[in-house]
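Spelled out from the first residue to the last, the chains are:
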Amino acid sequence: MTVTGHTPAPAVEPGTAGETRLLDRVFKLRELAILLVLLVMIAVTQADNREFLSEQGVKDLLLNATILVLVASGQALVVITRNVDLSVGSVLGLTAFTAGDVLQGGGGAPLAVLLAVALGVGCGLLNGALVSLGRVPALVVTLGTLYIVRGIDSIWVGSRQITASDLPDGFTDFGSGGLSAVPYLALIALAVLVATAYYLRNYGGGRELYALGSDPEAARLAGIPVRRRVLAAYVACGALTGLAGALYLARFGNVDSSTGSGYELTVVSAVVVGGVAFTGGSGSVYGAALGALLLTTVGSVLPALGVSSVWVLAINGVLLVLAIAVDRIVALRVARALKKRSAPNRRDIRHD
């Protein structure tokens, strides 16, 4: 999503602002390219397997993408600020089991979901405080909390496992139900996605995330509360991961100490493949959602075409490397183009 609004972000110098606008256009075009690739892939699969786009097939595609879309939306907020959260997989597993433990103990579904979200907020608050207030590199902080949360989860959960038979029927029915081919969980993810995108586009706090991601020092000098915005991005990411954990439980009805293990790599891949620049300041949650949908669709397309699912991880890795390479090449070319464009203006200034 290109950052546009009536009030321009004040933290970016003219040259940097021009580069950001050009990059945003490029990444928006890339979102359209991802959508085109996704549609072509689905069309080819449907031509080979007529049941692929049946009502249940479409429902499965959307259900498979829902959890990843939610977590990727939160991760996108963090990456836009030029940071990353590698603990989302561990937080997903911990919050999913927390929700399951509440339900298994006789608690209601609203309470289980609220506790999962609150726990996610707490994890996000810890990450955000260490990164923004403690000024510790995000990679180091979230790699550490990844193992801390995973360790807590393993100690608490142990060999226990929560299955669908331990949960209320209404909860699991909601996780697999929907309106025709559109699951309820997909509608929740869509509502969250639209609300997040609206905030980024229309509110000053959202635009400031892009500004500090483009140039943190310029943002600080312009008066943007950099630490507070980074903290808010991590808290939002934690909240969405907690919500995704509760919905994961409703979707699959089965959690244990290994739930969410390695999920952070899939989330980061979805965000970067979807056009959110890993260097910050560009991209959108819509692009992250498209990246999530692309990766989960690859996992559904290969078996439908008779290809072994072991290729899924390899393809995801190739897509991630290509996305990072494209980002870097585009950024360098845009910088050179802006430098050439500004050269005549500088000569005119010297002559004057």
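Quick caveat, the model's predicted, so the values are computed rather than measured. (Residues numbered from 1 in each chain as written. Predicted model: local features only at pLDDT ≥ 70, side-chain atom pairs only at ≥ 80, totals over all residues. Heavy atoms only, no water.)

Peer 1: Go over helix α2 (residues 55–80) with me, naming the residues and quoting the values.
Peer 2: Residues three or four positions apart in an α-helix share a direction because the helix packs 3.6 residues into each turn. When the terminal C-alpha atoms of α2 are compared, their 36 Å separation across 26 residues agrees well with the 38 Å that a helix rising 1.5 Å per residue should span. At T66, α2 is deflected by roughly 35°, the largest bend along its length. Directly after α2, the chain includes R82, whose backbone phi takes a positive value near 75°. (Helix = DSSP H or I, 4+ residues; strand = E, 2+ residues; numbered from the N terminus. Expected span 1.5 Å × (residues − 1). Bend = angle between axes of the 7 residues up to and from the residue.)

Peer 1: Would you mind going over the environment of F174 in detail, with residue names and values included?
Peer 2: Counting through the fold element by element, F174 comes out in helix α6 (residues 169–176). Judged by its relative accessible area of 34%, F174 is partly exposed. Taking the C-alpha atoms as reference points, F174 and A250, separated by 76 residues in sequence, lie 6.9 Å from one another. Setting aside residues up to four positions removed in sequence, F174 forms contacts with Y184, L185 and I188. (Buried < 20%, exposed > 50% of the residue type's maximum accessible area, 1.4 Å probe, protein only. Contact = heavy atoms within 4.5 Å.)

Peer 1: So what about the side chain of T98? Which residues, and what values?
Peer 2: Along the chain, the position of T98 falls in helix α3 (residues 88–104). In this view, T98 contacts L119 and W156; residues no more than four positions away in its chain are not counted.

Peer 1: Lay out helix α8 (residues 204–214) with the relevant residues and their values.
Peer 2: When you tally the buried positions in α8, you get ten out of eleven residues, the bulk of the element. Taken together, the buried positions of α8 are occupied by G205, G206, R207, E208, L209, Y210, A211, L212, G213 and S214.

Peer 1: Tell me about the environment of E55, residues and numbers included.
Peer 2: Examined against the element boundaries, E55 turns out to sit in helix α2. Taking the C-alpha atoms as reference points, E55 and V182, separated by 127 residues in sequence, lie 8.8 Å from one another. Apart from the residues lying within four places of it in its own chain, the contact partners of E55 are S180 and A181.

Peer 1: Requested: an account of the packing of α2 against helix α11 (residues 263–273), with residues and values cited.
Peer 2: Close contact between α2 and α11 brings their axes to 9 Å; oriented N to C, the two are set at 70°. Here α11 runs roughly perpendicular to α2, going by the angle between their axes. Of the two elements, α2 crosses α11, and the hand of that crossing is right-handed. Residues I67, L68, V71, A72, Q75, A76 and V79 of α2 pack against Y263, T266, V267, V268, A270 and V271 of α11. For the contact of α2 with α11, the residue count by class is eleven nonpolar, two polar and no charged. (Axes fitted to C-alpha atoms, helices over the stretch in contact; angles between N-to-C directions. Parallel < 35°, antiparallel > 145°, perpendicular 65-115°, else oblique. Left-handed = near helix turned anticlockwise from the far one by under 90°. Nonpolar A, V, L, I, M, F, W, Y, C, P; charged D, E, K, R; others polar.)

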